[in-house]
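Residue strings, one per chain:
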Amino acid sequence: MTYIFDGSLAGLLSSVFEWFERKPGQVILKSTAIFQPEAFAESLEITTDTSKADRIWLGLQKKLRKDWLRKFYCSYLSELPEAYNHLFQFTCYIFMQLQGAEENYGNAHVMALSKYAKSVEREKHRMEAFIRFQETADGIFYASIDPDFNVLPLISNHFKNRYADQQWIIYDVKRKYGLHYNLNTVEEITINFSKDTQQQKLSPALSDEKEQLYALLWKDYFKSANIVARKNTRLHVQHVPKRYWKYLTEKQLS
Amino acid sequence: MFDRIREKLNILADAAKCDVSCSSSGGTRKNDNKGLGNSHTSGICHTYTEDGRCVSLLKILLTNHCIYDCAFCVSRKSNDVKRAAFTVDEVVELTMNFYRRNYIEGLFLSSGIFKNADFTMERLLLIVKKLRLEQRYNGYIHLKTIPGASDELIKEAGLYADRMSINLEMPTEAGLKLLAPEKSHADVIKPLAFVQQNIVQFGEDKKLIKHVPKFVPAGQSTQMVVGATAESDKDIMYTANAFYKNYSLKRVYYSGYIPISNDNRMPILGTQPPLLRENRLYQTDWLMRFYGFQVQEILNDENPNLEVDIDPKLSWAIRNMQHFPIDINKADYQMILRVPGIGIMSAKKIVQARKFGKLRIDQLKKIGIAYNRAKHFITCADSPYQLKDYQGTQIKAFILAESQSKYLKTAQDQLLLF
């Protein structure tokens, strides 16, 4: 039996509710985006129902400590098709066991969630490290990213607390939405880029006059801090994988 | 104007790079004045240089003018290098603007000693005060304590800095006397102990009074140069251990010596820096701090130096085969930690997971242990029955045969014959 849900968190939680209501035995959860009808397997389309989802979420809050709720949410943000199924199975497992079952790392779903959560948290941490703001002429600090996982909801607080006295925008180019901090609150925004605007790097016309200087000083500093006698490219690439180089001011040629 | 600041930054960043301390962890400052910056408990490495070392702080000297002549230091008085000095405002501007662009996690400020210790310490204090009070900066600040500066200055600096450090430079007093006759370990110990007393004092006050200012919340650290003089690994680690114990240091850094001069007291120019040795020392440091090892277990009179081809944990296990194999499903956490191939995270997961049933090989692999290494030292629910009792040396051979060390491919300190 296959359950099909719309890909939302509420949809995922609703399908858990449906499973407990119907008890259809072994089920696989797939999102509509990847579902392919199979010849010999039944499938059921789950309608997302927020009240059902809320009940499941309340139940989870009673069963799980905060750190595991976070792992659950992080795994959801990974947006991986397999992760949805693991989340579904994990939730069913947690509800059927006594308190504390999330510590059973021998269970495949528990282990899977802890791995997804680790990947997502790592990506979140990388974004906290690798985002480079460029100051625009009107004093807004802008950065664009395209992270492997949907980590914007996770990094919002970090940047809000850290850069409380400057306006900033972090834009996810891949998922086409971003965050804007207006000195009070963080809001979700979408930008309509015209075709030929560069989303990664601000054009000199748009950026603050000091921007060039500090970018240059930073590149100089990056070069000075290197010790040539200890060159270790393998370690360097391991820490800063090449896919992130496009964000990094110090890795740009000009 | 631009060129001058660029040149200064190049000179003063270059002179500071041999200070290896980079961590930005342990800060507790919150952005509660709607200023700039908020500490991240675990620290953030914002980028990595091409030698693979992390860059989390803007690491600069205030000046590289120095009245001392230490043989291992680039900025020594007798060395013919360009000298420069930042003004207070330049350091503040650089820090604020780098921080705003998310380039850095904070400032690491050190300095050559010009005029005298107090004069230098006053300048450093001026910068941190300006950052904290005028610019409302709450990011990380790592400040060098200048040995010989007055207690009042050091104490005041401690109120604004997150971490303070003084470098031991050489692991033994004899080594230091050889290369820097003007300095001694006692000069370092005095301010280190003074800051430590104050950290304890402020901590005690905090228990009684609600609003006590922070005093060096991220603790103190120190650094030793490795491979400039002929200390054994045992000398180095025993010194490190004593400093961890006596002054509750957060970190001791080991910096492989990179030849900078043709001084005949030290390795000649062009010698490879002892990177592998440095790595083994850090591994030992971690075993001491996080894995519950006593330094005497790893290094003692029979084994004064760490093995080069295998890591210290494996080396210990092979010398102490009487403790192994252990049963993963029964052994204490402390013993599981000592198994080569099992780290802290995996050990914790194992202890939690075995409450739900005996663990099997496939589960251990999924939990994330290096099974091929650990299998010689553990048994679990479905371990294959083994008739032979292998010697430590045999196990070492098995592990070396199937592992590919990233170091062995690069030649050791091998002489060229032709």
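Predicted model only: the values in this text are computed from it and were never measured.

Section: the overall build of chain B
Then step 1. Of regular secondary structure, chain B possesses 15 helices and ten strands.
Then step 2. Relative to a compact globule of 418 residues, whose C-alpha radius of gyration would be 22 Å, chain B shows 24 Å and is just as compact.
Then step 3. Dimensions of chain B, computed from the C-alpha atoms along their principal axes, are close to 75 × 65 × 40 Å.
Then step 4. The 418 residues of chain B split such that 44% are buried.
Then step 5. Considering only residue pairs separated by 6 or more positions, chain B has 69% of its internal contacts joining residues 24 or more positions apart.

What to know about the sheet that holds strand 3 (residues 43-45) of chain A
Residue and element names in this part refer to chain A.
Then step 1. Taken in spatial order, the three strands make up an open sheet running 2-1-3, and their pairing is parallel. Only two strands of the sheet have a single partner each, and these edge strands are strand 2 (28-31) and strand 3. When the angles between neighbouring strand axes are averaged without regard to direction, this sheet yields 25 degrees.
Then step 2. Sheet topology places strand 1 (residues 2-5) next to strand 2; four bridges connect them, and they run parallel. Across the sheet, residue Tyr3 finds its bridge partner in strand 2, namely Leu29.

What about unusual backbone geometry?
Residue and element names in this part refer to chain B.
Then step 1. The omega torsion across Phe324 and Pro325 is -5 degrees, close enough to zero to call that bond cis.
Then step 2. Turning to its location among the elements, Pro325 is positioned in the loop between helix 10 (312-319) and strand 9 (326-327).
Then step 3. At Val216, a residue that is not glycine, the phi angle is positive and equals roughly 40 degrees.
Then step 4. Position of Val216 relative to the elements: it lies in the loop between helix 6 (185-208) and strand 7 (220-226).
Then step 5. Looking at Val216, the number of C-beta atoms within 10 Å reads 26, which means it is buried.

Examining the domain arrangement of chain A
All names here are of chain A.
Then step 1. Split by domain assignment, chain A resolves into domain 1 (2-123) and domain 2 (131-251).
Then step 2. Counting residues at the interface gives five residues for domain 1, matched by seven residues for domain 2.
Then step 3. Considering only residue class, the side of domain 1 that touches domain 2 consists of two nonpolar, one polar and two charged.

Description of the sheet that holds strand 6 (residues 163-165) of chain B
Residue and element names in this part refer to chain B.
Then step 1. Strand order across the open sheet formed by six strands is 3-4-5-6-7-8, with parallel pairing between neighbours. Here the strands that pair on one side only, and so sit at the sheet edges, are strand 3 (57-61) and strand 8 (251-256). In this sheet, adjacent strand axes meet at a mean angle of 20 degrees when their direction is disregarded.
Then step 2. Relative to strand 6, strand 5 (residues 140-144) runs parallel, the two sharing three bridges. Bridge assignment links Leu143 to a residue of strand 6, and that residue is Met164.

Observations regarding the packing of helix 10 of chain B against helix 15 (residues 392-402) of chain B
Residue and element names in this part refer to chain B.
Then step 1. One can describe the packing of helix 10 onto helix 15 by two numbers: an axis separation of 8 Å at closest approach and a directional angle of 150 degrees. For the crossing formed where helix 10 meets helix 15, the hand is right-handed. Note on element contacts: helix 15 touches helix 10 through Gly392, Ile395, Lys396 and Ile399, opposite Leu314, Ile318 and Arg319.
Then step 2. By residue class, the composition of the contact of helix 10 with helix 15 is four nonpolar, one polar and two charged.

Topic: the interface of chain B and chain A
Then step 1. Each partner contributes residues to the interface: chain B has 45 residues there, and chain A has 39 residues.
Then step 2. If you list the elements that add at least two residues to the side of chain B that touches chain A, you get helix 1 (2-16), strand 1 (47-48), strand 2 (54-55), strand 3, helix 2 (88-100), helix 12 (344-353) and helix 13 (361-367) of chain B.
Then step 3. Top contributing element to the side of chain B that touches chain A by residue count: helix 1 of chain B, with seven residues.

Re the environment of Gln135 of chain B
Residue and element names in this part refer to chain B.
Then step 1. For Gln135, the location among the structural elements is in the loop between helix 3 (117-134) and strand 5.
Then step 2. With 18 C-beta atoms packed within 10 Å, Gln135 lands in the partly exposed category.
Then step 3. Between the C-alpha atoms of Gln135 and Val92, which are 43 residues apart in sequence, the distance is 8.5 Å.
Then step 4. Not counting residues up to four positions away in its chain, the partners in contact with Gln135 are Val92, Met96 and Lys130.

Thoughts on the domain arrangement of chain B
Residue and element names in this part refer to chain B.
Then step 1. What the domain assignment lists for chain B is domain 1 (2-298) and domain 2 (312-402).
Then step 2. Its C-alpha centre places domain 1 at a distance of 38 Å from the equivalent point of domain 2.
Then step 3. With five residues, the single largest contributor to the side of domain 1 that touches domain 2 is helix 8 (residues 275-290).
Then step 4. Looking at the side of domain 1 that touches domain 2, its residues break down into four nonpolar, three polar and two charged.

Thresholds applied
- Residues numbered from 1 in each chain as written.
- Chains lettered and ligands numbered in written order.
- Predicted model: local features only at pLDDT ≥ 70, side-chain atom pairs only at ≥ 80, totals over all residues.
- Helix = DSSP H or I, 4+ residues; strand = E, 2+ residues; numbered from the N terminus.
- Rg over C-alpha atoms; globule rule 2.2 N^0.38 Å.
- Buried ≥ 20, exposed ≤ 12 C-beta atoms within 10 Å, placed from the backbone.
- Contact = placed C-beta atoms within 7 Å.
- Pairing = 2+ DSSP bridges.
- Axes fitted to C-alpha atoms, helices over the stretch in contact; angles between N-to-C directions.
- Domains from an automatic or database assignment.
- Nonpolar A, V, L, I, M, F, W, Y, C, P; charged D, E, K, R; others polar.
- Left-handed = near helix turned anticlockwise from the far one by under 90°.

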